[in-house]
2 protein chains.
Amino acid sequence: MTEELPITTSEWEVMRIIWTLGEATSTEVIQLLVKKRDWKASTVKTLIGRLMQKQMLTAKKEGHSNIYQCTISERVAMQREATRLFQNMCAMKNGEVLAQLVSEIQLSKTDIEKLQAVLADKIKDAPDEVACNCLPKEETRE
Amino acid sequence: MTEELPITTSEWEVMRIIWTLGEATSTEVIQLLVKKRDWKASTVKTLIGRLMQKQMLTAKKEGHSNIYQCTISERVAMQREATRLFQNMCAMKNGEVLAQLVSEIQLSKTDIEKLQAVLADKIKDAPDEVACNCLPKEETRE
DNA sequence: AATTTACGTTTACAAATGTAATCTAATAAA
DNA sequence: TTTATTAGATTACATTTGTAAACGTAAATT
């Protein structure tokens, strides 16, 4: 039973650091975020505390202090956010939005090739159009 | 100076209905959301009120009641959300996440072709890899 | 005309979030 | 060993969000 508590925007900053470092002490996280976000040390401590409660982080004691690790991979967390977002938006417009997004963000050659492969496969049984799912039922404007 | 107030998840439900209908009375929105989300009429009214404050909706008087319209297009709103999301996540992993996303969501043939065109163009000057931007500066783990 | 209903506005209230100060116990420095 | 510093835990507090009831006035019904 994986917990589904959402990670907030601020908490996300903390997670990114620990994901990237693999593990980290509060001091390390604080240093980086004080620089990046201009937060007070307390703020970062609070966020770490909340992430512990949400079980997004675990800590192993190292003398007096803790070393924190993430309980979920960055990939999985990102995937969840992205999927959740698109599921809450109009299915009919997802394609266009995605196209625009793809054109905006940085992608490596490898990323692009992977995307091309996925698309080449997907186009085989793609529908001619995707219906809008913004209204419940088949309520239509009369 | 377009206002940048974020639309919350609940408010988003209201917007989707009005976007789809083009314009709508509170009664219409209430009917649909009571059905879809099981909210009380009051709740929907509150959300409409907040969206008015955030200037995401405008109203034209029609007798006693109002007819609401969105001040921003669904496409643009979706685009913003999607862009904002990806900008807050690891640039290095965006590609993989996107690939997974593309494989999961519904896309029409046309959508796919559009994506393919974007990618074909983009691959020309794509970098070999995209750097992780989760840490500020060039702090590296020593 | 009297009454009920509908619609917009105001008020309510708990939980989540952003941001932080303070307290306490342990460790390091003097 | 006394003192200063650190690190985690507790408390704080304003704003936003989710969810809704109550209120006042215009409109529709009786």
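Residues numbered from 1 in each chain as written. Chains lettered and ligands numbered in written order. Predicted model: local features only at pLDDT ≥ 70, side-chain atom pairs only at ≥ 80, totals over all residues. Heavy atoms only, no water.

In this section: the overall build of chain A. When its secondary structure is counted, chain A shows 6 helices and 2 strands. Counting helices and strands in the order they occur from the N terminus, chain A gives α-α-α-β-β-α-α-α. Computed over its C-alpha atoms, the radius of gyration of chain A comes to 20 Å, more than 25% above the 14 Å expected for a compact globule of 142 residues. Dimensions of chain A along its principal axes, counting C-alpha atoms only, are 65 × 40 × 35 Å. Within chain A, buried positions represent 44% of all 142 residues. (Helix = DSSP H or I, 4+ residues; strand = E, 2+ residues; numbered from the N terminus. Rg over C-alpha atoms; globule rule 2.2 N^0.38 Å. Buried < 20%, exposed > 50% of the residue type's maximum accessible area, 1.4 Å probe, protein only.)

At the junction of the two partners, chain A supplies 67 residues and chain B supplies 67 residues. Taking both partners together, chain A and chain B bury about 6800 Å²; carbon and sulfur atoms supply 66% of that area. The largest contributions to the chain A side of the interface with chain B come from Arg16, Met78 and Leu119 of chain A, which together make up 9% of the buried area. Glu96 of chain A is the partner of Arg75 of chain B in a salt bridge, and the nearest nitrogen-oxygen pair spans 3.0 Å. Counting across the interface, chain A meets chain B through 26 residue pairs in polar contact (both at pLDDT 80 or more). Only α1 (9-21), α2 (26-37), α4 (74-87), α5 (91-104) and α6 (109-122) of chain A provide two or more residues apiece to the side of chain A that touches chain B. With 13 residues, the top contributor of residues to the side of chain A that touches chain B is α5 of chain A. The residue inventory of the side of chain A that touches chain B, partitioned by class, reads 31 nonpolar, 14 polar and 22 charged. (Contact = heavy atoms within 4.5 Å. Buried area = accessible area lost by both parts, 1.4 Å probe. Salt bridge = Lys/Arg side-chain N within 4 Å of Asp/Glu carboxyl O. Polar contact = N/O pair within 3.5 Å; in protein donor to acceptor, adjacent residues only side chain to side chain. Nonpolar A, V, L, I, M, F, W, Y, C, P; charged D, E, K, R; others polar.)

Close to DNA strand D lie 21 residues; Ser26 and Asn66 of chain A together with Thr8, Ser42 and Thr46 of chain B are nearest. For DNA strand D, the backbone makes up 61% of the atoms found within 4 Å of the protein, where backbone means sugar plus phosphate. A distance of 2.8 Å separates a phosphate oxygen of DNA strand D from a polar side-chain atom of Thr27 of chain A. Interatomic distance of 3.0 Å between a side-chain N/O atom of Lys45 of chain A and a base nitrogen of DNA strand D. (Near = heavy atom within 4 Å.)

Residue and element names in this part refer to chain A. Where strand β1 (residues 57-62) lies against strand β2 (residues 65-70), 6 bridges are found, and the strand directions are antiparallel. Within β2, the residue paired with Lys61 across the bridge is Asn66. Hairpin connection between β1 and β2: a loop of 2 residues separates the two successive antiparallel strands, and Gly63 in this loop has a positive phi of roughly 70 degrees. (Pairing = 2+ DSSP bridges.)

Split by domain assignment, chain A resolves into domain 1 (9-70) and domain 2 (90-135). Once you take the C-alpha centre of each, domain 1 of chain A and domain 2 of chain A turn out to be 35 Å apart. (Domains from an automatic or database assignment.)

The next thing to look at is the protein's contact with DNA strand C. Contacts to DNA strand C come from 21 residues, most closely from Thr8, Ser42 and Thr46 of chain A together with Ser26 and Asn66 of chain B. Backbone sugar and phosphate groups make up 60% of those atoms of DNA strand C lying within 4 Å of the protein. With respect to DNA strand C, the side chain of Lys45 of chain B contributes an N or O atom lying 3.2 Å from a base nitrogen. At 2.6 Å, a backbone N or O of Asn66 of chain B approaches a phosphate oxygen of DNA strand C.

Another aspect to go through is the relation of the copies chain A and chain B. Superposition record for chain A on chain B: RMSD 0.1 Å, screw rotation 180 degrees, translation along axis 0.0 Å. Between the two chains, the operation in question is that of a two-fold axis. Residues of chain A ranked by C-alpha distance from the rotation axis are headed by Gln116 of chain A, positioned 3.4 Å from it. (Least-squares fit on C-alpha atoms with pLDDT ≥ 70 in both.)

Within this model, the largest pocket holds a volume of roughly 960 Å³. For the lining of the largest pocket, the elements supplying multiple residues, two or more each, are α1 and α4 of chain A together with α1 (9-21) and α4 (74-87) of chain B. (1 Å grid on protein atoms, 1.4 Å probe; cavity = no way out; pocket = protein on both sides within 12 Å on 5 of 7 lines; lining within 4 Å. Points joined across faces, edges and corners; volume = space filled by probe spheres on them.)

Right, let's talk about the packing of α1 of chain B against helix α2 (residues 26-37) of chain B for a bit. To characterise two packed helices, one gives the angle between the axes of the helices and the distance between these axes. All names here are of chain B. Relative to each other, α1 and α2 sit at 125 degrees, their axes nearing to 10 Å. Here α1 lies oblique to α2, going by the angle between them. Relative to α2, α1 is oriented so that their crossing is right-handed. Judged by residue contacts, Glu13, Val14, Arg16, Ile17, Ile18 and Leu21 of α1 engage Glu28, Val29, Leu32, Leu33, Lys36 and Arg37 from α2. When its residues are assigned to classes, the contact of α1 with α2 shows 7 nonpolar, no polar and 5 charged. (Axes fitted to C-alpha atoms, helices over the stretch in contact; angles between N-to-C directions. Parallel < 35°, antiparallel > 145°, perpendicular 65-115°, else oblique. Left-handed = near helix turned anticlockwise from the far one by under 90°.)

Time to look at the packing of α5 of chain A against helix α5 (residues 91-104) of chain B. Interaxial distance between α5 of chain A and α5 of chain B falls to 12 Å at its minimum, and their mutual angle equals 165 degrees. Judged on the interaxial angle alone, α5 of chain B and α5 of chain A are roughly antiparallel. For the crossing formed where α5 of chain A meets α5 of chain B, the hand is left-handed. Where α5 of chain A abuts α5 of chain B, its residues Leu98, Leu101 and Val102 of chain A lie against Leu98, Leu101 and Val102 of chain B.

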